[in-house]
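Okay, here's what each chain looks like letter by letter:
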Amino acid sequence: MFCPECKSEFIQGITTCPACKVKLIDELPHEPEPEFVDYSELLATYNPADIAFLKSLFDSEGITYFFKGEHFMYVRPLADPVRLMVKTDQISKAVELLKDLKLSFTGINLDKFTKTK
Ligand SMILES: [Zn+2]
């Protein structure tokens, strides 16, 4: 039995991952792992409105990204922030897009990205 979230394997008889609180599945789906793409965490936010906005922004700008832990927002609000992961070689472009925006990000720190330019 496997957890679809954290990919941990469990012995027979266990049906729910104690860490993720999700139902275990018999086999992990053989989805192609995007290991050739290097992602970096750009920011973390608790605000669903920010997430919706960032999605439309990055989609229209062709930024490759994904949100880590997004579904936790609805299960355990405020427990874990959603982390925005951006393809590493597009980080500087993403930072440029975000620099002038006033969003209610939590834990945003663009300094580390802009300094290395
Ligand atoms: Zn798990």
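For clarity, every value in this text was computed on a predicted model and none was experimentally measured. (Residues numbered from 1 in each chain as written. Predicted model: local features only at pLDDT ≥ 70, side-chain atom pairs only at ≥ 80, totals over all residues.)

Some details on the overall build of the protein
Working step 1: For the protein, the count of helices and strands is four helices and three strands.
Working step 2: In sequence order, the secondary structure elements of the protein are arranged as β-α-β-α-β-α-α.
Working step 3: Taken over 117 residues, the protein has a buried fraction of 11%.
Working step 4: Within the protein, contacts between residues separated by at least 24 positions form 47% of all contacts whose residues are at least 6 apart in sequence. (Helix = DSSP H or I, 4+ residues; strand = E, 2+ residues; numbered from the N terminus. Buried ≥ 20, exposed ≤ 12 C-beta atoms within 10 Å, placed from the backbone. Contact = placed C-beta atoms within 7 Å.)

Overview of the sheet that holds strand E1 (residues 39–45)
Working step 1: The antiparallel open sheet is built from three strands, whose spatial order is E1-E3-E2. The sheet is open, and its two edges are formed by E1 and strand E2 (65–68), each paired on a single side. Sheet twist, expressed as the average angle between the axes of neighbouring strands with direction ignored, equals 25°.
Working step 2: With six bridges joining them, E1 and strand E3 (residues 82–87) adopt antiparallel strand pairing. The residue bridging Leu43 from the neighbouring strand is Leu84, located in E3. (Pairing = 2+ DSSP bridges. Axes fitted to C-alpha atoms, helices over the stretch in contact; angles between N-to-C directions.)

What to know about helix H1 (residues 48–61)
Working step 1: Spanning 14 residues, H1 covers 20 Å between terminal C-alpha atoms, matching the ideal 20 Å at 1.5 Å per step.
Working step 2: Positive phi appears at Gly62, one or two residues downstream of H1, with a value of about 75°. (Expected span 1.5 Å × (residues − 1).)

Remarks on helix H3 (residues 91–98)
Working step 1: Of the residues making up H3, those classed as buried are Ile91, Ala94 and Leu98. For H3, the arc enclosing every buried residue in end-on projection is 65°, short of the 170-degree limit, so these residues lie on one face. (Arc of directions from axis to C-beta.)

Focus on unusual backbone geometry
Leaving glycine aside, a negative phi is the common case for residues, and trans is the common case for peptide bonds.
Working step 1: The phi dihedral of Lys7 is positive, around 65°, even though this residue is not glycine.
Working step 2: Residues other than glycine seldom take positive phi values, yet Lys21 does so here, at roughly 60°.
Working step 3: With respect to the element layout, Lys21 can be found in the segment before E1.

Quick look at the confidence of the model for the protein
Working step 1: Mean pLDDT for the protein: 80, with 72% of residues reaching 70 or above.
Working step 2: In the model of the protein, helix H2 (residues 72–75) stands out as the element of lowest mean pLDDT, 53, in contrast to E3, which has the highest, 91. (pLDDT = per-residue confidence, 0-100.)

Concerning the nonpolar core
Working step 1: Of all hydrophobic cores here, the largest spans nine residues; its members are Leu42, Leu43, Leu54, Phe58, Leu84, Val86, Ile91, Ala94 and Leu98.
Working step 2: At the level of elements, E1, H1, E3 and H3 are the ones that each hand at least two residues to this core.
Working step 3: For this core, the element with the highest residue contribution is H3, accounting for three residues.
Working step 4: Sequence-distant contacts of Leu84, that is, excluding residues within four places in its chain, are made with Leu42, Leu43, Leu54, Tyr65 and Phe67. (Core = buried A, V, L, I, M, F, W, Y, C linked by C-beta atoms within 7 Å.)

Here we look at the environment of Asp38
Working step 1: Position of Asp38 relative to the elements: it lies in the segment before E1.
Working step 2: Residue classification places Asp38 among the exposed residues on the basis of 11 C-beta atoms within 10 Å.
Working step 3: Along the backbone, Asp38 and Gln90 are 52 residues apart, and their C-alpha atoms lie at a distance of 10.0 Å.
Working step 4: If we ignore the near neighbours within four places in the chain, the residues touching Asp38 are Lys87 and Thr88.

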